[in-house]
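# A structural walkthrough
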Amino acid sequence: MPVDTVTIALQKLKKHGYKYTQKREDIITVFAEANRYLSAKAVLQALEAEYPTLSYDTIYRNLYTFVDVGILEETELNNEKLFRITCLHEGHHHHHFICQQCGMTIALQMCPMDFFEQQLEGCQISSHRFEIFGICKDCLAAG
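Residues numbered from 1 in each chain as written. Predicted model: local features only at pLDDT ≥ 70, side-chain atom pairs only at ≥ 80, totals over all residues. Heavy atoms only, no water.

## Some details on the UniProt feature "binding site: Zn(2+)" (unreviewed entry) in the protein
- Mapped onto the present numbering, the UniProt feature "binding site: Zn(2+)" (unreviewed entry) falls on Cys99, Cys102, Cys136 and Cys139. These residues run over 41 residues, yet every pair of their C-alpha atoms falls within 8.3 Å of each other.
- Here Cys102 falls in the partly exposed class, since its relative accessible area comes to 26%.
- Apart from the residues within four sequence positions on either side, Cys102 is in contact with Arg36, Cys136 and Cys139.
- Residues within four places of Cys139 in sequence aside, it is in contact with Cys99, Gln101 and Cys102. (UniProt positions renumbered as here; feature names shortened; annotations may be inferred. Buried < 20%, exposed > 50% of the residue type's maximum accessible area, 1.4 Å probe, protein only. Contact = heavy atoms within 4.5 Å.)

## Some words on the side chain of Asp26
- Within the secondary structure, Asp26 is located in helix α2 (residues 22-34).
- Comment: no salt bridge for buried Asp26; closest opposite-charge side chain is Lys23, at 8.8 Å.
- When neighbours within four sequence positions are excluded, Asp26 is seen to be in contact with Leu47, Glu50 and Tyr51. (Helix = DSSP H or I, 4+ residues; strand = E, 2+ residues; numbered from the N terminus. Lys, Arg positive; Asp, Glu negative; His and termini not counted. Salt bridge = Lys/Arg side-chain N within 4 Å of Asp/Glu carboxyl O.)

## Here's the deal with the UniProt feature "binding site: Fe cation" (unreviewed entry) in the protein
- Taking the UniProt record as the reference, the feature "binding site: Fe cation" (unreviewed entry) is found at His93 and His128. A maximum C-alpha distance of 11.0 Å is found for the annotated residues, which run over 36 residues; spatially they form one tight group.
- Within the secondary structure, His93 sits in the loop between β2 (80-85) and β3 (95-99).
- When residues no more than four places from it in sequence are discounted, the contact partners of His93 are Cys111 and His128.

## Considering unusual backbone geometry
- Phi at Asn78 is positive, roughly 55 degrees, even though this residue is not glycine.
- Structurally, the position occupied by Asn78 is in the loop between β1 (72-77) and β2.
- Note on Asn78: relative accessible area 66%, which makes it exposed.

Quick look at the structure:
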């Protein structure tokens, strides 16, 4: 799965006029293999052996480029920006449960917008985001 995800992500970058670099592919691969929310620090740590001079500035610049292009999603937890690979294969609208300890995500197969649209009669909704935060069963089991 990560190889297809990386290929699709690189095609999206190219489609939006961004050049291919091995560093960009490696950043995307970190997210594709993790398949959970990661901080910029976690990405930097994952790549520091291969790129010892890699800076936070380079990481953040690429992360926000990937968000703008639709490769990554972002959220905020405890005043820290976290990023995850967009569900490129899903093809349908969904939301996530996010573990506050390990960052693992579980896709939720329903959207609460029907309820909220009824509450907001006469309003035009331009977008929405719904996330549930908690502790996953693996982290609970680990104590």
